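Geometric and topological summary
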Amino acid sequence: MDSSLIDLVFRSDKRKNLLLLLDSGSKNIDEIRNALDVTATSILPQIKKLIDNDLIVQEDRMYKLTVLGEFLIKKIKPLISALEVVEKNNSYWTGHDLNSIPRHLLERISELGNWTLIEPDLNHIYEPSPKIIDSMSNAKQASTFASYFNPAYLPLYVELGRKDAELSLNFTQSVWDHLSNEHSNMINELMGMDNVSLYVSKEGIKLTEITVTERIMLLGLFDKKGKFDQQFILSSEPSALLWGQELFDYFKRLSRLVNKI
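Residues numbered from 1 in each chain as written. Predicted model: local features only at pLDDT ≥ 70, side-chain atom pairs only at ≥ 80, totals over all residues. Heavy atoms only, no water.

1. Observations concerning helix H3 (residues 29-36)
One full turn of an α-helix is made of 3.6 residues, so residues set three or four places apart face in the same direction. By the N-cap criterion, in which a side-chain oxygen at the helix start approaches the backbone nitrogen of a residue two or three places on, H3 is capped by asparagine 28, the distance to aspartate 30 being 3.1 Å. Looking one or two places after H3, you find aspartate 37, whose phi comes out positive at around 55 degrees. (Polar contact = N/O pair within 3.5 Å; in protein donor to acceptor, adjacent residues only side chain to side chain. Helix = DSSP H or I, 4+ residues; strand = E, 2+ residues; numbered from the N terminus.)

2. Some points on the pattern of salt bridges
Here the structure, examined in full by the defined rule, presents 10 salt bridges. Beyond isolated ion pairs, a larger network of salt bridges with shared partners links Arg108, Glu111 and Glu246. (Salt bridge = Lys/Arg side-chain N within 4 Å of Asp/Glu carboxyl O.)

3. Quick word on the packing of aromatic side chains
The final tally for this structure, using the stated rule, is seven aromatic pairs. An angle of 50 degrees between the planes, with centres 6.3 Å apart, marks the rings of tyrosine 92 and tryptophan 115 as tilted. Here the residue tyrosine 92 occupies a position in helix H6 (residues 90-94), and tryptophan 115 occupies one in the loop between helix H7 (103-106) and strand S3 (116-118), the gap between them amounting to 23 residues. What links up through ring pairs into an aromatic cluster is the set Tyr92, Trp93 and Trp115. (Phe/Tyr/Trp six-rings, centres within 6.5 Å; stacked < 30°, edge-to-face > 60°.)

4. Observations regarding the packing of helix H2 (residues 13-22) against H3
Interhelical geometry of H2 versus H3 gives an angle of 115 degrees and a closest axis separation of 11 Å. Pair H2 / H3 crosses with right-handed handedness. Residues Lys14, Asn17, Leu18 and Leu21 of H2 lie in contact with H3, whose contacting residues are Ile32, Ala35 and Leu36. Split by residue class, the contact of H2 with H3 holds five nonpolar, one polar and one charged. (Axes fitted to C-alpha atoms, helices over the stretch in contact; angles between N-to-C directions. Left-handed = near helix turned anticlockwise from the far one by under 90°. Contact = heavy atoms within 4.5 Å. Nonpolar A, V, L, I, M, F, W, Y, C, P; charged D, E, K, R; others polar.)

5. Overview of the nonpolar core
By size, the foremost hydrophobic cluster in this structure holds 34 residues, and its most contacted members are Phe149, Tyr157, Leu167, Phe171, Trp176, Leu190 and Leu198. Listed by contribution, the elements that provide at least two residues to this core are helix H8 (130-136), strand S4 (141-146), helix H9 (153-162), strand S5 (166-172), helix H10 (173-182), helix H11 (184-191), strand S6 (196-201) and strand S9 (232-235). The residues contacting phenylalanine 149, other than those within four sequence positions of it, are Leu154, Tyr157, Phe171, Val175 and Leu179. Listed in part, the 24 residues of the second largest apolar core include Val85, Tyr92, Ile109 and Leu247. (Core = buried A, V, L, I, M, F, W, Y, C linked by side-chain atoms within 4.5 Å. Buried < 20%, exposed > 50% of the residue type's maximum accessible area, 1.4 Å probe, protein only.)

This is the structure:
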């Protein structure tokens, strides 16, 4: 894309938002004003610039995208969505290690949508977030990969397993060794359930956790120094659930099924 065209689209929120609005269909000036919450005086100069650059056209008092405008907006919408995901908390993304997320999923980071950052309660630093527990408490299916695991989650998984939830749990070797040695009773109970599958993955995956249920996607990353700060991305967007399941399945393919301690 020509640099002047990039400036035209991205240097004005009014122009960018107008192009996104017209992607849903033709609009008259009153519909544009109401949708974008702008005055006619402020938006008309931006409309003129877009018309002059052949991105929109006016026909019978209606404004619509040109063929060029339609082509460009389809190309830039994923970029805009990705920028919105990152800019929601830029310091989180720049401060954490993204190397273990495969490139094809990283390129679709926009699918996380309207996510929330879950941060630890400093008064209960070693306890799982109540918001996470509440989100998972009635899950009918859950897929979890973890290279760091809080044992407080085990009773929740046992409870879900007893309720016939379909569980697929994948741990790195070091986490598996700790759980099978220190919490063998619960691991053996989970292993005896037909609705639970257990996997062991290789070490070195720089991802603390990915958990997906039918309602939430939970993502945890190590920071740039390899430390776990107990911050999680939580999203309930349908696209985020699919994205998270793909990430879980990616690691599952690199793992082995276990049926005994």
